[in-house]
Amino acid sequence: MASTMHATGTGSSSGKLQSLPSSRQQQKKASNETVRSREAEIHLKVKEARTSQLLMLSNTKFLHCAELFESVPHSLKHLYLSNCHFVDEFPEVVFKLTLLETLDISRNYMDELPATVFENLRKLVTLDCSFNNLISISPSCCQLKDLTELNLANNKIIYLPQEVGELSKLQVLVLSNNLLREIPGAVFAGPISQSLLHLAVDHNLLLTLPPEIGNLAALEELNIRNNCFKYLPVNAMSLKKLTAFHHSGNDWLICPPNIDGVPGKMQSSYGTAALEKLFTYIHPP
């Protein structure tokens, strides 16, 4: 009886050991099937893009991105590649899609934007580079003559080249959550002064804005929350079209103090109140 029990126990143990490789093989097979399924889905999207001129691949992990993008149609106009976690480096072939109008390359841990973005993609209208690790942007950005929206939020940008001011069609400039200590006055002295509608520089290290801020004749919304502002230059009084002013989180030196009817320190201001509030933060001439 004892020998029978011993033999039975040994057989059971051997069966368990043999089942382990089988289990691993099944997991590997399932993983391979998932990869193949994902690649098939991507190739289907690429095929559809030949007629729609739109390719949305955000939140996709690429294993063979160079090979994939070689098949992307050169007629493509809108490309979304947010949060793709490229294994090696960003595929340079993307920057050969010279007809692109929309490019979203946010959340990809990029340290720099290749100069080819600005040299080749001259038809870009919208460029989203937010949530990367960019320290600066190339002066060659001025070559994007059709650009209307530029999002550089949530990077590590410490310097903004004056060439940004050459973007004569830019309407929206988002620089939130960076490391800017100043903005060159030349940025607001360029052609951008006639087109910019929305400017966001909140959550930086700015002490004030350059006097040239008053050149932004079309500006409707200004967000300067959570900086180090104490006052604004007197030229800011020229922002007559301002209808939204976000100003909380600064150490304002209000001149003159305690004006009745003006919104409190921790609020945003809208409509005519936006200009009223801005005027209270003007540095006396």
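A brief report on the enclosed structure follows.

## With respect to the sheet that holds strand β3 (residues 102-104)
Right, so step 1: Pairing is mixed in the open sheet, where 10 strands are placed in the order β1-β2-β3-β4-β5-β6-β7-β8-β9-β10. Here the strands that pair on one side only, and so sit at the sheet edges, are β1 (54-56) and β10 (268-270). Adjacent strand axes in the sheet meet at a mean angle of 5° when their direction is disregarded.
Right, so step 2: Summarising the sheet, β3 and strand β4 (residues 126-128) pair through three bridges and their orientation is parallel.

## Considering the side chain of Asn178
Right, so step 1: The residue Asn178 is located in the loop between β6 (172-174) and α4 (185-189) in this model.
Right, so step 2: Taking the relative accessible area as the measure of exposure, Asn178 reaches 5% and is therefore buried.
Right, so step 3: A distance of 3.0 Å separates a polar atom in the side chain of Asn178 from the backbone oxygen of Leu152.
Right, so step 4: Discounting residues that sit within four places of it in the chain, Asn178 has contacts with Leu152, Ala153, Asn154, Asn155, Lys156, Ile157, His203 and Asn204.

## Observations regarding the nonpolar core
Right, so step 1: Leu103, Leu127, Leu199, Leu222 and Leu232 are the most contacted members of the largest nonpolar core, which has 69 residues in total.
Right, so step 2: Of all the secondary structure elements, the ones that give two or more residues to this core are α1 (2-52), α2 (65-69), α3 (116-120), α4 and α5 (272-280).

## Describing the pattern of salt bridges
Two side chains with opposite charge may pair up if their charged atoms get near one another.
Right, so step 1: For the structure shown, the criterion picks out three salt bridges.
Right, so step 2: The closest approach of N and O atoms between Asp202 and Arg225, which form a salt bridge, is 3.9 Å. With Asp202 in the loop between β7 (198-200) and β8 (221-223) and Arg225 in the loop between β8 and β9 (244-246), this residue pair connects regions lying 23 residues apart in the sequence.
Right, so step 3: Among the residues examined, Asp202 registers a relative accessible area of 5% and is labelled buried.

## What about unusual backbone geometry?
Right, so step 1: The phi dihedral of Phe131 is positive, around 55°, even though this residue is not glycine.
Right, so step 2: With respect to the helices and strands, Phe131 occurs in the loop between β4 and β5 (149-151).
Right, so step 3: Notably, Asn177 is not glycine yet its phi reads approximately 55°, a positive angle.
Right, so step 4: Its location among the elements puts Asn177 in the loop between β6 and α4.

## What to know about the state of the cysteines
Right, so step 1: Under the definition given, this model contains zero disulfides.
Right, so step 2: Here Cys142 is not cross-linked by a disulfide; its sulfur's nearest cysteine counterpart is in Cys141, at 5.9 Å.
Right, so step 3: In this structure Cys142 comes out as buried when scored by relative accessible area, which is 18%.

## Remarks on the environment of Asn151
Right, so step 1: Along the chain, the position of Asn151 falls in strand β5.
Right, so step 2: Between the C-alpha atoms of Asn151 and Cys129, which are 22 residues apart in sequence, the distance is 5.9 Å.
Right, so step 3: Apart from residues no more than four positions distant in its own chain, Asn151 is found in contact with Leu127, Asp128, Cys129, Ser130 and Val174.
Right, so step 4: Reaching out from Asn151, the side chain makes a polar contact with the backbone nitrogen of Ala153 at a distance of 3.0 Å.

## Let's talk about the packing of aromatic side chains
Ring pairs (aromatic) are described by centroid distance and by the angle formed between their planes.
Right, so step 1: Tallied over the full model, the rule gives three aromatic pairs.
Right, so step 2: Ring geometry for Phe229 against Trp252: centres 5.7 Å apart, planes inclined by 15°, an arrangement best described as stacked. Residue Phe229 is found in the loop between β8 and β9, and its partner Trp252 is found in the loop between β9 and β10; the two are separated by 23 residues along the sequence. Note on accessibility: Phe229 and Trp252 belong to one class, buried.

About the cut-offs
Residues numbered from 1 in each chain as written. Predicted model: local features only at pLDDT ≥ 70, side-chain atom pairs only at ≥ 80, totals over all residues. Heavy atoms only, no water. Pairing = 2+ DSSP bridges. Helix = DSSP H or I, 4+ residues; strand = E, 2+ residues; numbered from the N terminus. Axes fitted to C-alpha atoms, helices over the stretch in contact; angles between N-to-C directions. Buried < 20%, exposed > 50% of the residue type's maximum accessible area, 1.4 Å probe, protein only. Polar contact = N/O pair within 3.5 Å; in protein donor to acceptor, adjacent residues only side chain to side chain. Contact = heavy atoms within 4.5 Å. Core = buried A, V, L, I, M, F, W, Y, C linked by side-chain atoms within 4.5 Å. Salt bridge = Lys/Arg side-chain N within 4 Å of Asp/Glu carboxyl O. Disulfide = S-S within 2.5 Å. Phe/Tyr/Trp six-rings, centres within 6.5 Å; stacked < 30°, edge-to-face > 60°.

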